[in-house]
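One letter stands for each residue in the lines below.
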Amino acid sequence: MLTRIDHIGIACHDLDVTVEFYRRTYGFTVFHEEINEEQGVREAMLKINETSDGGASYLQLLEPTREDSAVGKWLAKNGEGVHHIAFGTADVDGDSEAIRDKGVRVLYDEPRIGSMGSRITFLHPKDCHGVLTELVTAASRKADASDAH
Ligand code: CMX
Ligand code: CO
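Cut-offs applied
Residues numbered from 1 in each chain as written. Chains lettered and ligands numbered in written order. Predicted model: local features only at pLDDT ≥ 70, side-chain atom pairs only at ≥ 80, totals over all residues. Helix = DSSP H or I, 4+ residues; strand = E, 2+ residues; numbered from the N terminus. Rg over C-alpha atoms; globule rule 2.2 N^0.38 Å. Buried ≥ 20, exposed ≤ 12 C-beta atoms within 10 Å, placed from the backbone. Contact = placed C-beta atoms within 7 Å. Near = placed C-beta within 6 Å. Nonpolar A, V, L, I, M, F, W, Y, C, P; charged D, E, K, R; others polar. UniProt positions renumbered as here; feature names shortened; annotations may be inferred. Expected span 1.5 Å × (residues − 1). Pairing = 2+ DSSP bridges. Axes fitted to C-alpha atoms, helices over the stretch in contact; angles between N-to-C directions. Core = buried A, V, L, I, M, F, W, Y, C linked by C-beta atoms within 7 Å.

### Considering the overall build of the protein chain
Step number 1: Counting its secondary structure elements, the protein chain contains four helices and eight strands.
Step number 2: Scanning the protein chain from its N terminus toward the C terminus, one meets helices and strands in the order β-α-β-β-β-α-β-α-β-β-β-α.
Step number 3: For 149 residues, the compact-globule formula gives about 15 Å, and the C-alpha radius of gyration of the protein chain, at 15 Å, lands near that figure.
Step number 4: Counting only C-alpha atoms, the protein chain reaches 45 × 30 × 25 Å along its principal axes.
Step number 5: Put simply, the protein chain has 149 residues, and 30% of those count as buried.
Step number 6: In the protein chain, once contacts between residues fewer than 6 apart in sequence are set aside, the share between residues at least 24 apart is 57%.

Here you go:
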């Protein structure tokens, strides 16, 4: 079950400049920063609020580490802006299988590693009315999910 907006992914050319904009304008600060080479991004997570399911909602600011990455290609075509939305779930495996059964293309056979050790997968934007959609199980929820079995 999808229980929250986990994050909104925003593509930018310069992570440090964009982080500074969000700090100066809204007072949001960096909760976590990392490089994910598999996804080809340097990213900053700005925590906006905690949620009733024990998770949280973030802005994910994304700078490409290479031009041929998903974010690099998208930036070259569209310029800076909202790149994807991500829903949080305690069970990314089960939810992505159920969504695949509804005829929506799930991009990965198995979830991959995302921010802060989370497990993530993506739904094709062409099957989601133009919105690249990510599903996320936060690292802290992985223990919860396996505890339940
Ligand atoms: N939102 C909406 N539409 C998008 C899109 C996006 N972010 N990215 C691509 N598209 C559209 C394109 O506009 C294009 O449409 P048209 O054919 O009408 O022009 C179509 O999808 C194909 O786009 P493309 O530029 O040829 O790009 P690819 O097919 O090579 O890749 C996608 C598209 C979704 C498969 C790829 O971006 C992907 O695998 N994304 C998932 C991984 C990812 O985004 N990682 C970065 C974030 C990491 C994180 O959140 O942690
Ligand atoms: Co994301």
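Structure's up, so let's keep going.
### Re unusual backbone geometry
Step number 1: Phi is positive for Met 116, close to 55°, though the residue is something other than glycine.
Step number 2: Note that Met 116 resides in the loop between β6 (112-113) and β7 (119-123).
Step number 3: The backbone of His 129 sits at a positive phi, close to 55°, despite the residue not being glycine.
Step number 4: Locating His 129 in the fold gives a position in the loop between β7 and β8 (133-137).

### Thoughts on the site of ligand 1
Step number 1: Taken together, the neighbourhood of ligand 1 is formed by 21 residues, with Gln 39, Ala 70, Phe 122, Pro 125 and Leu 132 sitting nearest.
Step number 2: Residue contributions to the shell around ligand 1 peak at four residues, all from helix α2 (residues 70-78).
Step number 3: Across the shell around ligand 1, the residue classes break down as 10 nonpolar, eight polar and three charged.

### Some points on the UniProt feature "domain: VOC" (unreviewed entry) in the protein chain
Step number 1: In the UniProt entry, the feature "domain: VOC" (unreviewed entry) is given for residues 4-138.
Step number 2: Strand forms 41% of residues 4-138 and helix 23%; the C-alpha atoms that close the span are 12 Å apart.

### Comments concerning helix α1 (residues 15-26)
Step number 1: With 12 residues, α1 extends 16 Å from end C-alpha to end C-alpha; this agrees with the ideal 16 Å at 1.5 Å per step.
Step number 2: Just past α1, the residue Gly 27 takes up positive phi, approximately 85°.

### Some details on the pairing of strand β2 (residues 30-36)
Step number 1: Examined bridge by bridge, β2 and strand β3 (residues 41-50) share six bridges and lie antiparallel to one another. Across the sheet, Glu 34 pairs through a bridge with Glu 43, a residue of β3.
Step number 2: Where β2 folds back onto β3 in an antiparallel hairpin, the turn is made up of four residues, including Gly 40, whose phi is positive at roughly 70°.

### Some points on the sheet that holds β2
Two modes of strand pairing occur in sheets, parallel and antiparallel, and in both the strands are linked by backbone hydrogen bonds.
Step number 1: Within the open sheet, the eight strands sit side by side as β2-β3-β4-β1-β5-β8-β7-β6. Their pairing is mixed. Either end of the sheet is taken by a strand with one partner, and the two such strands are β2 and β6.
Step number 2: Seen against the sheet, α2 touches β1 (2-11), β3, β4 (56-64) and β5 (81-89) and runs at an angle of roughly 80° to β4.

### Quick look at the nonpolar core
In summary, soluble globular proteins display a tendency toward joint burial of nonpolar side chains.
Step number 1: One finds Ile 10, Ala 11, Leu 61 and Leu 62 to be the most contacted residues of the largest nonpolar core, which totals 13 residues.
Step number 2: Counting only elements with at least two residues in this core, the list comes to β1, β3, β4 and α2.
Step number 3: At four residues, β4 tops the list of elements feeding residues into this core.
Step number 4: Membership of the second largest hydrophobic core comes to six residues, among which are Ile 120, Leu 135, Val 136 and Ala 138.

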